[in-house]
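Single-letter residue listing:
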Amino acid sequence: MNQRTLGRTHLKISALGLGCMGMSHAYGSPDDAESLRVLHRYVELGGNFLDTAEIYGPFTNEELVGRFLRETNRDNLVIATKFGFNIDPTTRAVSGMNSSPENIRKVCDASLLRLGIDTIDLFYQHRVDPAVPIEETIGALSGLIVAGKIRAIGLSEASADTVRRANAVHLIAALQCEYSLWTRDPEKNGMLDVCRELSITFVPYSPLGRGFLTGAIQSPADLDEKDWRRTNPRFQEDAMKENLELAEEIKHLAKKKGCTPAQFALAWVMAQGTNIVPIPGTKRLKYLEENMHAAEITFTAEELAEIHSLFPPGVATGARYTEDGMGALNR
């Protein structure tokens, strides 16, 4: 698989990353044995960019990735994880944001232990903390680079202005945000522009619309009882009826292209820039292998223009998070 440079670092990452959240968190019951097979197969197919976070579980996803890292050669892998919340180490209860320098250092040490590594390659602020100036947060992260505990700094769901302020303190390597055919906000709010301007890698999460754009989800009943998507506005019954038209259009276009809907949706995201590295998540081997072939698909200018007209920004019905979730975004 082709590789891309992570921001202005020396790190090389595969053109398609792997989001590990769903293996342990939010999307129904976990299957660690299958997830470990997925992780090993991802590396066999040329992938090397793994994305996790302390809050996934909490903690259990980092622990799972740590198990995998003990079974493989860590040297060629780029491991990204995230901080930014108050999480009780005993009860694992989450109680709001916390990007204080003290908490950043504490989380870094704990994540290193769970992952079983000496250095975190990319350490993201998971959500911008309104109580802590971004300059203070980046200053603390710079100290971790000097200490050799992390290699690069990332932000998630940060506004273009916040990214510029952060980058003035220390080079930002990556900006992570939701981006897909049904979530094109970064094209309008300056996120993609600031990444191009500052040579920052843009990392789209949920590039398959949380699985919806694959066409596999036809009703809320298709989701596990424990699946977080049951609470998401776009997956409510009325909204889903509207959004199914989008999934059907992708299915039609993918058939014309000779690929699956998932491959089509991923290839479109990858076609938006050479600095874009999506991190689709899966805990099933068959879906991983399907997704990895998306890197082989290209579009003509005419095809991209047609897709743009069919899926303009704002095309999806429903917000991408609940009111509380939207309130946590830095806009």
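Residues numbered from 1 in each chain as written. Predicted model: local features only at pLDDT ≥ 70, side-chain atom pairs only at ≥ 80, totals over all residues. Heavy atoms only, no water.

Trainee: Please explain the side chain of Asn 61 as it appears in this structure.
Mentor: The topology assignment puts Asn 61 in helix H2 (residues 60–70). The class of Asn 61 is buried, set by a relative accessible area of 0%. Side-chain polar atoms of Asn 61 contact the side chain of Ser 24, separated by 2.9 Å. Once residues lying within four places of it in the same chain are set aside, the contact partners of Asn 61 are Cys 20, Met 21, Met 23, Ser 24, Asp 51, Thr 52 and Tyr 56. (Helix = DSSP H or I, 4+ residues; strand = E, 2+ residues; numbered from the N terminus. Buried < 20%, exposed > 50% of the residue type's maximum accessible area, 1.4 Å probe, protein only. Polar contact = N/O pair within 3.5 Å; in protein donor to acceptor, adjacent residues only side chain to side chain. Contact = heavy atoms within 4.5 Å.)

Trainee: Help me understand unusual backbone geometry in this model?
Mentor: Looking along the chain, the bond that leaves Gly 57 and enters Pro 58 is cis, with omega of -5°. Relative to the helices and strands, Pro 58 resides in the loop between strand E4 (49–51) and H2. In this structure, Glu 157 takes a positive phi of about 55° despite not being glycine. For Glu 157, the location among the structural elements is in the loop between strand E9 (150–156) and helix H5 (160–169). For Ser 199, which is not a glycine, the phi torsion comes out positive at approximately 55°. In this structure, Ser 199 sits in the loop between helix H6 (191–198) and strand E11 (201–205).

Trainee: Whenever I open this one, a negative patch on the surface confuses me. Can you help?
Mentor: Side chains of Glu 237, Asp 238, Glu 242 and Glu 245 sit close together on the surface and give a patch of like negative charge. Inspection of the secondary structure puts Asp 238 in helix H7 (residues 237–257). (Patch = residues over 30% accessible without salt bridge, like charges linked within 9 Å, V, L, I, M, F, W, Y side chains within 5 Å. Areas by Shrake-Rupley, 256 points an atom, 1.4 Å probe, with all protein chains shown as cover. Salt bridge = Lys/Arg side-chain N within 4 Å of Asp/Glu carboxyl O. Lys, Arg positive; Asp, Glu negative; His and termini not counted. Charge placed at Lys NZ, Arg CZ, Asp CG, Glu CD.)

Trainee: Is there a simple way to explain helix H4 (residues 134–146) in this structure?
Mentor: One turn of an α-helix holds 3.6 residues; hence residues three or four places apart share an orientation. A rise of 1.5 Å per residue sets the reference length of H4, with its 13 residues, at 18 Å; its end C-alpha atoms lie 18 Å apart and thus fit the reference within 8%. Within H4 the residues assigned to the buried category are Ile 134, Thr 137, Ile 138, Ala 140, Leu 141, Ser 142 and Leu 144. Directly beyond the C-terminal end of H4, a positive phi value near 80° is found at Gly 148. (Expected span 1.5 Å × (residues − 1).)

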